[in-house]
Amino acid sequence: MLRQDAERIIAEYVKPVFGFALKRCKTAEDAEDLSQEIILRAFRSLLVKDDIDNNDKFIWTVAHNTLANYYRSSARMIVGVPIDEMAEMLSDGSDVSEGIEAAETEAKLHREIAYLSKLQRQIVIQYYYENRRQTDIAESLGIPLGTVKWHLFEAKKELKRGMETMRNPSELKFNPVKFESYGINGSVGTKKLEEFFRSALSQNICYCVRNEAKTVGEIADALGVSPVYVETEVDFLETYGFLKAQKDKYIVNFIISEPTAELLTMQDTMYKKAAGIFANELYDELIESGLVDHHDIWCNQTDGPISFTETAKADRNFILWSLIPYIAAVSGEELMDDRISFEEVATIRPDGSHNICHASVVPDNMILPEDYVYMKNWCGPFTHQGGAENIGFWQIDTEWSESRIGVNKSDTENVDRVISLFKRSCDGDPLSEDEYAWLAEHGYVKTYDNHAGEFKVSWQIVILGNREIKDKLLAIGGRIKEKYKEEFDAIKVSYIEAVLKSVPAHLKKVKAYELQFVFHSDGWFILHCLKNLVNSGKLKEPTEEQRKSLSMLIIENK
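None of the values given here were measured: they were computed from a predicted structure.

What counts, and at which threshold
Residues numbered from 1 in each chain as written. Predicted model: local features only at pLDDT ≥ 70, side-chain atom pairs only at ≥ 80, totals over all residues. Heavy atoms only, no water. Helix = DSSP H or I, 4+ residues; strand = E, 2+ residues; numbered from the N terminus. Buried < 20%, exposed > 50% of the residue type's maximum accessible area, 1.4 Å probe, protein only. Contact = heavy atoms within 4.5 Å. Areas by Shrake-Rupley, 256 points an atom, 1.4 Å probe, with all protein chains shown as cover. Pairing = 2+ DSSP bridges. Axes fitted to C-alpha atoms, helices over the stretch in contact; angles between N-to-C directions. 1 Å grid on protein atoms, 1.4 Å probe; cavity = no way out; pocket = protein on both sides within 12 Å on 5 of 7 lines; lining within 4 Å. Points joined across faces, edges and corners; volume = space filled by probe spheres on them. Nonpolar A, V, L, I, M, F, W, Y, C, P; charged D, E, K, R; others polar. Salt bridge = Lys/Arg side-chain N within 4 Å of Asp/Glu carboxyl O. Parallel < 35°, antiparallel > 145°, perpendicular 65-115°, else oblique. Left-handed = near helix turned anticlockwise from the far one by under 90°. Expected span 1.5 Å × (residues − 1). Arc of directions from axis to C-beta.

1. Some remarks on the overall build of the protein
Thinking step 1. For the protein, the helix and strand inventory stands at 22 helices and 15 strands.
Thinking step 2. Out of the 558 residues in the protein, the part that is buried amounts to 47%.
Thinking step 3. Pairs at least 24 residues apart make up 73% of the contacts formed inside the protein by residues separated by at least 6 positions.
Thinking step 4. Just so you have it, the protein exposes about 28600 Å², and 49% of that area is on carbon and sulfur atoms.

Here it is, written out as structure tokens:
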């Protein structure tokens, strides 16, 4: 080939060849050396050849062959792993220095090392990558020399097997799940629940092992994530009881619900029937009994403007928004099937919490009936016996109220403060302006000036003044539940069977415990009761001002 033709071809490939070299060398200087070697070889070949049909194919063939020589002539080491030792790990004594395949083999080897157990990974890295003696490794890890040798032998077998295996990630790699909701039943600790399900990775790890125990490597395969990252999350989740170890495998230790349209429709129908019976009869009996207006039920929420000369009439509708969910949840507890105790199924966690955790994953494009009742902005029944003797606190947050109480330790501490301030005010101990301001900010009290220079405060929540009035209210709900017990049992039996069938065997007892509360301290039952009464017009929706203190009770048990 004429020299000017060879120079023209080479000029066209100078930049692409440097880019090729730069991707495959550790430094820019090495890339410059390699690219110059490729260009020089190609130019010399072009000068003596006249039969080149495809310039592109010719140049890249020279580039690959030169790269192979570059690997051979470089220090006989790939990222600190002696080639002789690496060859022993790989299948069939493969020549790992063979051109582009060397880089691909190296990357695959790194991936397979990540799939080793934590201890094996530490030993392999120290021995092959850091060139440390086996005796030094044993000393640094605090294990016998024989154990180091055994793990090196086993690691080589695992690496060889892994290098010969094609890993096929499951559907979760391409379609990771996201928890629709999660919560607890029980006491909170120092950590927030969000800290445990802090990322898509932690949620998908739990989901991956919801039905079957898997190793860290199997989880990593399913998620398409390096086992090193999976291992860190698994350790964290297992430490706090969200995963359970079974030898070298892990399985989820809380319920992840995956409701189907059929199951949700069955649930909706069940609650509509039960709530339709209970809520209407409860409402009618409360009105007829006169207990809503009883002097032992205190409430300064009024159904008219504040008067400074006359006692305003308490807002009955507002009082019923607290009494109805409370009675629905707490009444008739003696009728419950409580053969499974909380202690049998709850988990004690290192942060001081003691609870049952649950989460849900809802499929996309689920079609439900038009009249299906959705649970919006909901926090289930919250009960707390404060530090003050004989004073309790009960609340439920709904779509009609503003969310106040969550599942964190700070929320419990806030309730303790409310109870303490309430007791002090009842005992005639004046609160400070800052304390009143805090109560008002959270909706517990309203403060105002009576135009005579006097600072007035009124509690905006419903207060049951003694045990007697509480027992009278709960007795009404208990009588209704007892009256319809057989009917309620028949309504829920098919649903309970279907739910238990959908739960993994190792968690059926936990779910059976929760199902004991159906039609009792059961958020769905309370929701349907309120929906029924709102739809029928018996309960009026609260005003914007009332939402802050809606469905909240202070209960004196003396």
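Still to come is the rest of the account.
2. Thoughts on the sheet that holds strand β15 (residues 552–556)
Thinking step 1. The five strands are arranged β7-β14-β15-β11-β10 in an open sheet whose pairing can be described as mixed. Edge positions in the sheet fall to β7 (297–298) and β10 (379–385), since each of these pairs with one other strand and no more.
Thinking step 2. As paired strands, strand β11 (residues 391–397) and β15 are joined by five bridges and run antiparallel to one another. From the neighbouring strand, Phe-393 faces β15, where its bridge partner is Ile-554.
Thinking step 3. Lying over the sheet, helix α19 (residues 467–483) contacts β7, β14 (462–464) and β15, oriented at roughly 105° with respect to β14.

3. What to know about unusual backbone geometry
Negative phi values dominate among residues other than glycine, just as trans dominates among peptide bonds.
Thinking step 1. A positive phi is found at Asn-377, a non-glycine position, where the angle reads about 45°.
Thinking step 2. Mapped onto the fold, Asn-377 is located in the loop between β9 (354–360) and β10.
Thinking step 3. Given a relative accessible area of 65%, Asn-377 falls into the exposed group.
Thinking step 4. Although it is not a glycine, Phe-519 sits at a positive phi angle of roughly 70°.
Thinking step 5. Relative to the elements of secondary structure, Phe-519 occurs in the loop between α21 (508–515) and α22 (523–536).
Thinking step 6. A residue is classified by how much of its surface remains accessible, and Phe-519, at 3% relative accessible area, is buried.

4. Let's talk about empty space enclosed by the protein
Thinking step 1. Within this structure, the stated rule accounts for one cavity of 30 Å³ or more.
Thinking step 2. If you add up the space inside the largest cavity, you get close to 80 Å³.
Thinking step 3. Taken together, 14 residues make up the lining of the largest cavity; nearest its centre are Ile-184, Lys-191, Leu-193, Phe-196 and Asn-355.
Thinking step 4. Of all the secondary structure elements, the ones that give two or more residues to the lining of the largest cavity are β3 (181–187) and α10 (193–196).
Thinking step 5. The residue inventory of the lining of the largest cavity, partitioned by class, reads six nonpolar, four polar and four charged.

5. With respect to the environment of Ala-11
Thinking step 1. On the secondary structure map, Ala-11 appears in helix α1 (residues 3–24).
Thinking step 2. Taking the relative accessible area as the measure of exposure, Ala-11 reaches 56% and is therefore exposed.
Thinking step 3. As for Ala-11 and Ile-39, which are separated by 28 residues in sequence, their C-alpha atoms are 9.4 Å apart.

6. Remarks on the side chain of Gln-126
Thinking step 1. Locating Gln-126 in the fold gives a position in helix α6 (residues 118–129).
Thinking step 2. Apart from residues no more than four positions distant in its own chain, Gln-126 is found in contact with Asn-131, Arg-132, Ile-137, Ser-140 and Leu-141.

7. With respect to the pattern of salt bridges
Thinking step 1. What the rule picks out here adds up to 24 salt bridges.
Thinking step 2. Lys-483 serves as the salt-bridge partner of Glu-281, at 3.0 Å between the closest nitrogen and oxygen. Here the residue Glu-281 occupies a position in helix α14 (residues 261–289), and Lys-483 occupies one in helix α19, the gap between them amounting to 202 residues.
Thinking step 3. For Lys-483, a relative accessible area of 55% puts it in the exposed group.
Thinking step 4. Notably, a salt bridge pairs Arg-424 with Asp-429, separated by 3.1 Å at the nearest N-O pair.
Thinking step 5. For Arg-424, a relative accessible area of 24% corresponds to the partly exposed category.
Thinking step 6. Residue Asp-429 is classed as partly exposed on the basis of its relative accessible area of 35%.
Thinking step 7. Where salt bridges share partners, they join Arg-424, Asp-429 and Glu-435 into one cluster.

8. Considering the packing of α6 against helix α7 (residues 134–141)
Thinking step 1. At a minimum axis distance of 10 Å, the contact between α6 and α7 shows a crossing angle of 140°. Judged by the angle between their axes, α6 and α7 are oblique. At the point where α6 passes α7, the crossing takes the right-handed sense. Facing Leu-119, Gln-122, Ile-123, Gln-126 and Tyr-127 of α6, the residues of α7 in contact are Gln-134, Ile-137, Ser-140 and Leu-141.
Thinking step 2. When the residues that make up the contact of α6 with α7 are grouped by side-chain class, the tally is five nonpolar, four polar and no charged.

9. Considering helix α2 (residues 28–48)
Thinking step 1. Here α2 contains 21 residues, and its C-alpha end-to-end distance of 31 Å stays within 8% of the 30 Å for a straight helix at 1.5 Å per residue.
Thinking step 2. If you check which residues of α2 are buried, you get Ala-31, Leu-34, Ser-35, Ile-38, Ile-39, Ala-42, Phe-43 and Leu-46. Seen from one end, α2 has its buried residues packed into an arc of 165°, which puts them on one side. Away from the buried face of α2 by more than 90 degrees, exposed residues Glu-29, Asp-33, Gln-36, Arg-44 and Val-48 are located.

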